[in-house]
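Here is how the chains run, residue by residue.
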Amino acid sequence: MASQIKIAVVGGGLAGLAAAMKIAEAGHAVDLFSVVPVKRSHSVCAQGGINGAVNTKGEGDSTWEHFDDTVYGGDFLANQPPARAMCEMAPAIIYLFDRMGVPFSRTKEGLLDFRRFGGTKHHRTAFAGASTGQQLLYALDEQVRRFEVAGKVQKYEGWEMMSLALDDHQVCRGLVAMNLRSLELKAFPADAVIIASGGPGLIFGKSTNSMVCTGSAVAACYQQGAKYANGEFIQVHPTSIPGDDKLRLMSESARGEGGRVWVPRAKGDKRPPSSIPEKERLYFLEEKYPAYGNLVPRDIATREIFQVCLDGLGVSGENQVYLDLTHIPAETLDQKLGAILEIYEMFVGDDPRQVPMRIFPGVHYSMGGLWVDFDQRTNIPGLLAAGECDYSIHGANRLGANSLVSCVYGGFVAAPAAIEWAKNVNRNGANGSGIYEQETKRQQEINDGLIKQSGNENQYKLHEEMGKVMTDNVTVVRYNDRLQATDAKLLELMDRYRRISINDSNLWATMALPHARHLDNMLELARVITLGALNRNESRGAHYKPEFPNRDDENFLKTTIAEYSGEGPVFSYDAVDVSLIKPRRRDYSHEKKETAKA
Amino acid sequence: MSKTVEIHIKRRPAPDAPQHWEEFEIPYRPNLNVISCLMEIRKNPITRHGKQTTPPSWDMNCLEQVCGICTMVINGRVRQSCSALVDNLDQPIKLEPMSKFPNVRDLVVDRSQMFDHLKRVHAWVELDGTYDLGPGPRMDNDDVLERYAYSRCMTCGCCLEACPQYDEDHYIGPQAIAQVRLFNMHPSGAMNRDERIEAIMDKDGITNCGNAQNCVKVCPMNIPLTKAIYEENRETVLYGLLGWLKK
């Protein structure tokens, strides 16, 4: 009799827990790896809500309309069949969370309430106050804990995946992970591995991402042969709160609930915002995009805010604009946005109920990620991916409140696909082949080398330099000469990396060695992002080049694919599946045109 | 002379090693929080007396006070270090690990017992399955808001650190009791109410609360913990009196 199927899931955020729950429910075993206790994953930072077209507001919404908004918002770079499948599953996902006990806000009739978000004209976003990601993550954490008690899920919290265990035919047979206290390296055989390790925001130094969002596990897969797709598409969120240690997110729901973005019309106007009369305020999003106003998609809002500040119109001449909620009753704000207003108060000190918030764009989300097929399978047999770490669904720009639903969708699709693979593979076929010992040894040698290595470079300093050059040149506006210079800088950092010394002589629970490993991986992905951007001579969604200001479907309606080689990433391009909706020009100054089915 | 920030850190190199204090001084910048100070120190770990030392270890993740991981005792008060702004703190800033949990290294503690407590009280809704069964029960928004308050608990451990009764597992503590409240208030969750009530009726259960009310004062999410304890105490008493009728 064949042994029980065991699937390793890497990452305990929304996508990883969704997959773990489905696998355990189907009766199979899960090894769940997470750098932090799963309840502390980055999904907790998602604020505004989760999209699903249930049409309870009598607006004629439909899953097709959600699908159309998603691919239109993504500037037609997304493969359409999976985006459509996600939108079709979305209402059921929301209802499932409702049954798990997520305290979604309600209408007077006791039904789920929905609010508006960017890039749509419909109330389609279910929300639990302004901490929806936290609430959804907790619901999955609770259900997975149930399966943990039932003996179906084994958690490895405080273990970080370092690499895949691949057999001689490049089939994934498990992984090697490191205990973050003892630094012990251990191989974990599995019939399939699902990567759900989140985004790579820390490549940009400061971002809205949590400190675990290094993209390290993904970079390890990439270096072992997994394709990385659309890396150059990095979402810069229009509204974040600049900070010394990170950029804190100010949710799009603030605008969904009526928040208005403005600057004083007069340059250098020093008056406090409340004494600037309405007609002396420039509501630049509302003026330029009358149809969607403050709820244009993020890439557009970000560029406009950036431009206004570049034109010298930023508040007090600095890189900041007002996000104003003061016209909304405080009670409404507390109920619908309480959590995010508390964050602003806590870190800035002003009360956003009384004073307009000062915000600026910040790196937020990667549309790119591991290449997967329509069943979340990567090009490495036995390796799947789900959530922000995969590239599917969002194309060139993600719509607000589509990330939570895409994480859960990805996990729900990856789980049965992994089980299907595991059922048909020769289980334990790699036992006795020595691959686990070999891979563990290879990882041990990398660690030993780093510990022994000495030089005068500082790993944290290198990280700061990488973050700065990436933020300066590979975010909102991109120029080819600067992208080339950035790649040269990354190569220089890679060289200097070989001369860092681990500055911690106590290796028990050290932060230094894991960080050094992350840094190495981040540099690899940084090149993929930068060179992908250099090669794409057009503007589409979040990728904007003033030298090539228009979308160029003839040459660039295609997916960027990067494959690792010792000499750097090798690029190729895949056709985009646009079989359902014919690509059309994006224009948010007007109502969206009737959807033209392909 | 330029402005500096003085920080004292209670160090412990390994779980069985003794603790000792080390003092650091870093240049002042506006908007520093405790985490950015620690980041500055780890870059170049030299004490303010010029002695080379090891970088301190600490836990951090979201830096928005929503993941709960970076909790420590700062100037004698338990709180998250990400939201502890230097401008609002007296100097020297004294950092210590929480004392109610095993100390792994420096400011890192192991809070897995809190997650074990969640297992014990069955802090979940018992689903029939995750397949599509339509929406959940309708609810009054006021009830939802009350549940939402409990549901914001990030398992940070502040309430347990501050609770005079919580020590060495003699008392399950406020966080788990508040989660019992959260699920007993839900129409489907209430169907397994008895299991949760029994779980907090053991000898380390709810009756060990000494009503010091420290928990509610230190909770960073302003969760009405004492209200949860009051409500669940009532439920357990009623269950104790009448529960046998069901058997």
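Thoughts on the nonpolar core
One finds F97(A), V193(A), I195(A), M466(A), M470(A) and L95(B) to be the most contacted residues of the largest nonpolar core, which totals 266 residues. Apart from the residues within four sequence positions on either side, L95(B) is in contact with I7(B), H8(B), I9(B), K10(B), W21(B), V34(B), L38(B), M72(B), V73(B), I74(B) and L107(B). In terms of nonpolar packing, the next biggest core, distinct from the first, is built from 8 residues, Y365(A), M367(A), L557(A) and V576(A) among them.

Some remarks on the interface of chain A and chain B
Interface size is commonly expressed as the accessible surface area that is lost when the partners come together. Contacts between the two partners involve 67 residues from chain A, matched on the other side by 71 residues from chain B. Across the chain A/chain B interface, buried area totals approximately 6000 Å², and carbon plus sulfur atoms make up 52% of it. Of all residues in chain A, R40(A), R99(A) and M511(A) bury the most surface against chain B, accounting for 15% of the area lost on that side. At the junction of chain A and chain B, the tally comes to 9 salt bridges. D504(A) is the partner of R105(B) in a salt bridge, and the nearest nitrogen-oxygen pair spans 3.0 Å. At the boundary of chain A with chain B, the tally comes to 42 residue pairs in polar contact (both at pLDDT 80 or more).

Digging into unusual backbone geometry
Going from Q91(B) to P92(B), the amide bond is cis rather than trans, its omega being -5°. Positive phi is not limited to glycine here, since N230(A) has a value of about 55°. Considering the arrangement of structural elements, one finds N230(A) in the loop between β11 (228-229) and β12 (234-241). Overall, N230(A) belongs to the buried group, its relative accessible area being 1%. In the Ramachandran plot, L63(B) falls in the positive-phi region, its phi being about 60° despite a non-glycine side chain. By relative accessible area, L63(B) is classed as buried at 1%.

A closer look at the confidence of the model for chain B
Residues shown with low pLDDT carry predicted positions that ought not to be read at fine detail. Within chain B, residue pLDDT values average 96, and 98% of them lie at 70 or more. Reported for the predicted complex are a pTM of 0.97 and an ipTM of 0.97.

Description of helix α11 (residues 435-452) of chain A
Helix length check: α11(A), at 18 residues, gives a terminal C-alpha distance of 26 Å against a target of 26 Å (1.5 Å per residue), a fit within 8%. Looking at the packing, one finds that the buried side of α11(A) touches β7 (159-166), β8 (172-179), β9 (185-189), α13 (480-497) and α14 (512-535) of chain A.

Some points on the sheet that holds strand β16 (residues 321-324) of chain A
All names here are of chain A. With respect to topology, 6 strands assemble into an open sheet ordered β13-β12-β17-β16-β14-β15, the strand pairing being antiparallel. With one partner strand each, in any of the chains shown, β13 (248-249) and β15 (281-282) form the two edges of the open sheet. Sheet topology note: the strand β14 (residues 260-264)/β15 ladder contains 2 bridges and is antiparallel. If you follow P264 over to β15, its bridge partner there is R281.

Re a nonpolar patch on the surface
Residue and element names in this part refer to chain B. On the surface, a cluster of nonpolar side chains totalling about 660 Å² of accessible area is made up of V237, L238, L241, L242, W244 and L245. The topology assignment puts L245 in the segment after α8 (225-242). Looking at L245, the relative accessible area reads 55%, which means it is exposed.

A look at the packing of helix α2 (residues 112-120) of chain B against helix α5 (residues 174-184) of chain B
All names here are of chain B. Where α2 contacts α5, the two axes come as close as 9 Å, and the packing angle between them is 30°. Judged on the interaxial angle alone, α5 and α2 are roughly parallel. The crossing of α2 and α5 is right-handed. In contact with M114, H117 and L118 of α2, α5 contributes Q175, A176 and Q179. Taken together, the residues that form the contact of α2 with α5 break down as 3 nonpolar, 3 polar and no charged.

Section: the packing of helix α3 (residues 80-100) of chain A against helix α10 (residues 403-424) of chain A
Residue and element names in this part refer to chain A. In the contact formed by α3 and α10, the axes pass within 9 Å of each other and the chain directions differ by 100°. What the angle tells us is that α3 and α10 run roughly perpendicular. Mapping the contact onto sequence places P82, A85, M86, M89, A90, I93, L96 and F97 in α3 and V405, S406, V408, Y409, F412 and V413 in α10. The residue makeup of the contact of α3 with α10, split by class, is 13 nonpolar, 1 polar and no charged.

Digging into the sheet that holds strand β6 (residues 153-157) of chain A
Residues and elements named next belong to chain A. With parallel pairing, the 5 strands of this open sheet are ordered in space as β6-β2-β1-β10-β19. Two strands in the sheet have a free side with no partner beyond their single neighbour: β6 and β19 (383-385). Pairs of neighbouring strands in the sheet enclose a mean axial angle of 20°, with direction left out of account. With 3 bridges joining them, strand β10 (residues 192-195) and β19 adopt parallel strand pairing. Paired with I195 across the bridge in β19 is A385. Seen against the sheet, helix α4 (residues 132-149) touches β2 (29-34) and β6 and runs at an angle of roughly 115° to β6.

Examining the pairing of strand β17 (residues 357-366) of chain A
Residue and element names in this part refer to chain A. Burial analysis of β17 places 9 of its 10 residues in the buried class, the great majority of the element. Judged from the 5 bridges that link them, β12 and β17 form a sheet pairing that is antiparallel. Paired with V236 across the bridge in β17 is V363. In terms of strand pairing, β16 meets β17 through 3 bridges, oriented antiparallel. Note that in β17 the partner of L323 across the bridge is M357.

Section: the environment of E40(B)
Residue and element names in this part refer to chain B. Here E40 is to be found in helix α1 (residues 34-43). A C-alpha to C-alpha distance of 15 Å links E40 and G50, two positions 10 residues apart in sequence. Not counting chain neighbours up to four residues away, the residues in contact with E40 comprise I26 and R29.

Thresholds, definitions, all that
- Residues numbered from 1 in each chain as written.
- Chains lettered and ligands numbered in written order.
- Predicted model: local features only at pLDDT ≥ 70, side-chain atom pairs only at ≥ 80, totals over all residues.
- Heavy atoms only, no water.
- Core = buried A, V, L, I, M, F, W, Y, C linked by side-chain atoms within 4.5 Å.
- Buried < 20%, exposed > 50% of the residue type's maximum accessible area, 1.4 Å probe, protein only.
- Contact = heavy atoms within 4.5 Å.
- Buried area = accessible area lost by both parts, 1.4 Å probe.
- Salt bridge = Lys/Arg side-chain N within 4 Å of Asp/Glu carboxyl O.
- Polar contact = N/O pair within 3.5 Å; in protein donor to acceptor, adjacent residues only side chain to side chain.
- Helix = DSSP H or I, 4+ residues; strand = E, 2+ residues; numbered from the N terminus.
- pLDDT = per-residue confidence, 0-100.
- Expected span 1.5 Å × (residues − 1).
- Pairing = 2+ DSSP bridges.
- Patch = residues over 30% accessible without salt bridge, like charges linked within 9 Å, V, L, I, M, F, W, Y side chains within 5 Å.
- Areas by Shrake-Rupley, 256 points an atom, 1.4 Å probe, with all protein chains shown as cover.
- Axes fitted to C-alpha atoms, helices over the stretch in contact; angles between N-to-C directions.
- Parallel < 35°, antiparallel > 145°, perpendicular 65-115°, else oblique.
- Left-handed = near helix turned anticlockwise from the far one by under 90°.
- Nonpolar A, V, L, I, M, F, W, Y, C, P; charged D, E, K, R; others polar.

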